[in-house]
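# Close look at the chain arrangement
Next come the chains, spelled out residue by residue.
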Amino acid sequence: MTSLFFLVFLFSSFLTLNVDANPNYVEALSKSLLFFQGQRSGPLPTDQQLSWRASSGLSDGSSANVDLTGGYYDAGDNIKFNFPMAFTTTMLSWSTLEYGAQMGPHLQNVSRVNIRWATDYLLKCATATPGKLYVGVGDPNADHKCWERPEDMDTPRTVYSVSPSNPGSDVAAETAAALAAATMVFREVDSEYSLLLLAAAKNVMQFAIQYRGNYSDSLSSSVCPFYCSYSGYKVYSHMYYLFPKDKSLQLNNFNVNFIMMTQDELMWGAAWLLKATDDSNYKNFIESLGGGDHPDIFNWDSKYAGAYVLLSQRALVNKDINYELYKQEAESFICKILPNSPSTHYTPGGLMYKLPQSNLQHVTAIIFLLTTYAKYMKATQHTFNCGNSVNIVPDTLISLSKQQVDYILGENPIKMSYMVGFGSSFPMRIHHRASSLPSQVLLSKPFNCTEGFQFYHTQNPNPNILTGAIVGGPDKNDEYPDKRYDYIHSEPATYINAPFVGPLAYFASRGSA
């Protein structure tokens, strides 16, 4: 339960901060968007600002006789995993849809450029071969044995796909969500491109619905343990534990798991297509899925909380009682996030702490939902409670979001900004191949698979500043060792930055929405 003392403390802290004491949110927003240039795959444009990067992955797709160049490397490696990339795209689009006006014309355009870098690639993946969706490029097992610049890659650029016989409802529905969200981003600035995205989104969503299955089962070691669709596996594990000896029940529970393991993405994808089209068929499909999970987390794998908040806008802002259930679920999720909830821990320094590996991916995604739900609440003067006497008002969520944003930007016990290149102290030895190896621009000599490890093992700071990158973050005790090998804390990822863009834009505009 949320204590009254904490809320009073949170509000007093928030209200007594003057403008000069705040981090420079505009600078942080600009750098958070710039980061995506460091993750680009494919031929780089002439206006590339992070000049230490060069073109890479120029033959991607050739092994399957298709063009799959472009897109983003997910994190510190040289692989294109479409599952997290599509989530990144969805969240960057949602950030732009909700907070584009707060970004200002220039940064809003920068965000659109970042989105299009992903959607151009995702369109290729969705349309290159009828009846097939390409979902990744590069052999992750080979890549992770090497430490190479993307420009020097000599590992196999294997192409992965899902199809009717090897389905992947989860990755397909997430791809549909990304394309549908981006449709609305481009609707007024490039209507032709927007329609192209929408057509592809509909087709991919139909594929996800018609051919059910988990892409982790279809692709196994090509995506696991890197980006398995874990959300369903947890359901199966828990049910198997309840009935370990009854084989008939195991089979029934497996069938339940088969439904559950892709259901969050199916709801998420359909919710985005409903928003993009207002087609009641998507509403009917969402209702056919039945009740969803009751999450306390939101990330690239677990989408229920995001779907609930997205759908709750119709209940709150549009006053549509058909979506009241999703509003209730969104508020139940938020209650599990607030301090003193048994579902969410906070470090001694005040950071939301969900899981040890790359904790900030959960923090940035969750505070996006908090900020956005608060926006919907403000628009309708809505409040709610979490089963106690404390009334939750929009500023409850805004204050918590701001505290988390400020922590990430350096207002923490060790005064470390977890955004690279922001503030006076930030991570210098991030787990990132391109950042840690000498730039090809300065040293054209290629480094093979193992030669790059001399730079991996050095204690020297990375020679290339991956401006705007947000790393995995500190441990549960607010400590951060800044070690390159400590990837669970020092590796950046696109899906950490993408949802952070929204709250940064909100606070950059001094909280106007």
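Here we summarise the structure given alongside this text. Predicted model only: the values in this text are computed from it and were never measured.

## Considering the state of the cysteines
This structure, assessed with the given rule, holds two disulfides. Here Cys146 pairs with Cys449 through a disulfide, and the sulfurs are 2.0 Å apart. On the sign convention where negative is left-handed, the bridge of Cys146 and Cys449, at about -90° about the S-S bond, is left-handed. Separated by 303 residues along the polypeptide, Cys146 in the loop between α4 (140–143) and β3 (159–162) and Cys449 in the loop between α15 (433–436) and α16 (453–457) bring together distant segments of the chain. Each disulfide pairs two cysteine sulfurs, and for Cys335 the partner residue is Cys386, the sulfurs being separated by 2.1 Å. The S-S bond linking Cys335 to Cys386 shows a torsion near -85°; that makes this disulfide left-handed. Of this pair, Cys335 sits in helix α12 (residues 324–337) while Cys386 sits in the loop between β6 (384–385) and β7 (391–392); the two residues are 51 residues apart in sequence, bridging distant segments of the chain. Each member of the pair Cys335 and Cys386 is classed as buried.

## Examining the sheet that holds strand β1 (residues 80–81)
Strand order in the open sheet formed by three strands is β1-β2-β3, with antiparallel pairing between adjacent strands. Either end of the sheet is taken by a strand with one partner, and the two such strands are β1 and β3. As paired elements, strand β2 (residues 133–137) and β3 share four bridges and run antiparallel to each other. Across the sheet, residue Val137 finds its bridge partner in β3, namely Val159. With respect to the sheet, helix α3 (residues 82–127) is in contact with β1 and β2, its orientation differing from that of β2 by roughly 100°.

## Observations concerning the environment of Asp320
Take Asp320: it is sitting in the loop between α11 (304–316) and α12. Sequence-distant contacts of Asp320, that is, excluding residues within four places in its chain, are made with Arg314 and Ala315.

## Observations concerning the pattern of salt bridges
What the rule picks out here adds up to 18 salt bridges. The shortest N-O distance in the salt bridge between Asp395 and Lys378 comes to 3.8 Å. On the criterion of sequence distance, the pair formed by Asp395 in helix α14 (residues 394–408) and Lys378 in helix α13 (residues 359–380) is long-range, its members being 17 residues apart. Given a relative accessible area of 33%, Asp395 falls into the partly exposed group. One salt-bridge network, in which partners are shared between bridges, spans Asp60, Lys80 and Arg157.

## Digging into the nonpolar core
Grouped burial of nonpolar side chains is what soluble globular proteins tend to show. Among the nonpolar cores identified, the biggest contains 150 residues, and Trp94, Phe298 and Tyr373 are the most heavily contacted of them. Setting aside chain neighbours within four positions, we find Tyr373 in contact with Val309, Ser312, Leu316, Lys327, Ala330, Glu331, Ile334, His382, Phe384 and Leu397. Listed in part, the five residues of the second largest apolar core include Leu437, Phe447, Phe455 and Tyr456.

## Some words on α12
Each full turn of the α-helix corresponds to 3.6 residues, which orients residues three or four apart in the same direction. The terminal C-alpha atoms of α12, which comprises 14 residues, lie 20 Å apart, in line with the 20 Å expected from a rise of 1.5 Å per residue. Residues Tyr326, Lys327, Glu329, Ala330, Glu331, Phe333, Ile334, Cys335 and Ile337 constitute the buried set of α12.

## Observations concerning the environment of Asn497
You can see Asn497 is positioned in helix α18 (residues 494–508). Between the C-alpha atoms of Asn497 and Ser32, which are 465 residues apart in sequence, the distance is 6.3 Å. The residues touching Asn497, leaving out its near neighbours within four places in the chain, are Ser32, Phe35, Phe36, Gly468, Ala469 and Ile470. At 2.8 Å, the side chain of Asn497 and the backbone oxygen of Gly468 are in polar contact.

## As for the packing of aromatic side chains
Two aromatic rings, taken as a pair, are described by how far apart their centres are and by the angle between their planes. Applying the stated criterion across every chain, the model contains 29 aromatic pairs. Ring geometry for Trp268 and Phe298: centres 5.8 Å apart, planes at 70°, overall edge-to-face. Taken together, the positions of Trp268 in helix α9 (residues 247–277) and Phe298 in the loop between α10 (280–288) and α11 put the pair 30 residues apart, joining distant regions of the chain. Phe298 sits in the buried class, given a relative accessible area of 0%.

## Let's talk about helix α5 (residues 169–186)
Compared with an ideal rise of 1.5 Å per residue, which puts 18 residues at 26 Å, α5 spans 26 Å between its outermost C-alpha atoms and is within 8% of the ideal. Most of α5 is tucked away, with 18 of its 18 residues classed as buried.

## Digging into the pairing of β2
A regular strand places its side chains on the two faces of the sheet in alternate fashion. Counting buried positions along β2 gives five out of five residues, so the element sits mostly inside the fold. With two bridges joining them, β1 and β2 adopt antiparallel strand pairing. Of the residues in β2, the one forming a bridge with Lys80 is Val137.

## Observations concerning the packing of helix α2 (residues 25–34) against α18
Remark: α2 packs on α18, axes separated minimally by 9 Å, with the N-to-C direction vectors making an angle of 155°. When the axis of α2 is compared with that of α18, the two are roughly antiparallel. Like other packed secondary-structure pairs, α2 and α18 cross with a definite hand, here left-handed. Here Tyr25, Val26, Ala28, Leu29, Ser32 and Leu33 of α2 come into contact with α18, specifically with Asn497, Val501, Leu504, Ala505, Phe507 and Ala508.

How each quantity is defined
- Residue positions within a chain follow its written sequence, with the count starting from 1.
- Restriction of local features to residues with pLDDT of at least 70 applies here, the model being predicted, together with a cutoff of 80 or more for giving and counting side-chain atom pairs; totals for whole chains, interfaces and linings are based on all residues.
- As a rule here, side-chain values come from all non-hydrogen atoms in the structure, and water together with hydrogens is ignored.
- Put simply, a disulfide is two cysteine sulfurs that come within 2.5 Å.
- Helix and strand definitions follow DSSP, with helices as H or I runs of at least four residues and strands as E runs of at least two, each counted in order from the N terminus.
- Per-residue accessibility, obtained with a 1.4 Å probe over protein chains only, is compared with the maximum for each type, and a residue is labelled buried under 20%, exposed over 50%, and partly exposed between these values.
- In this analysis, strands are considered paired if DSSP registers two or more bridges between them.
- Residues count as neighbours in contact if any of their non-hydrogen atoms are within 4.5 Å of one another.
- Here an angle of 0 to 180 degrees is reported between the N-to-C directions of two axes, which are lines fitted to C-alpha atoms, with helices fitted over the stretch in contact.
- Just to be clear on terms, a salt bridge is a Lys or Arg side-chain nitrogen sitting within 4 Å of an Asp or Glu carboxyl oxygen.
- By nonpolar core is meant a set of buried Ala, Val, Leu, Ile, Met, Phe, Trp, Tyr and Cys residues that side-chain atoms within 4.5 Å join together.
- Expected span of a helix: the number of residues minus one, times 1.5 Å.
- In the analysis that follows, any N or O atom pair within 3.5 Å is treated as a polar contact, provided that within protein one partner can donate a hydrogen and the other can accept it, and provided that, for residues neighboring in sequence, both atoms belong to side chains.
- Two aromatic rings from Phe, Tyr or Trp, using only the six-membered ring of Trp, form a pair when their centres are within 6.5 Å; if the ring planes differ by under 30 degrees the pair is stacked, by over 60 it is edge-to-face, and anything between is tilted.
- Should an angle lie under 35 degrees it is considered roughly parallel, over 145 roughly antiparallel, and from 65 to 115 roughly perpendicular; all remaining angles are considered oblique.
- Helix crossings are classified by the rotation of the near helix relative to the far one: an anticlockwise turn of less than a right angle makes the crossing left-handed, while a clockwise turn makes it right-handed.

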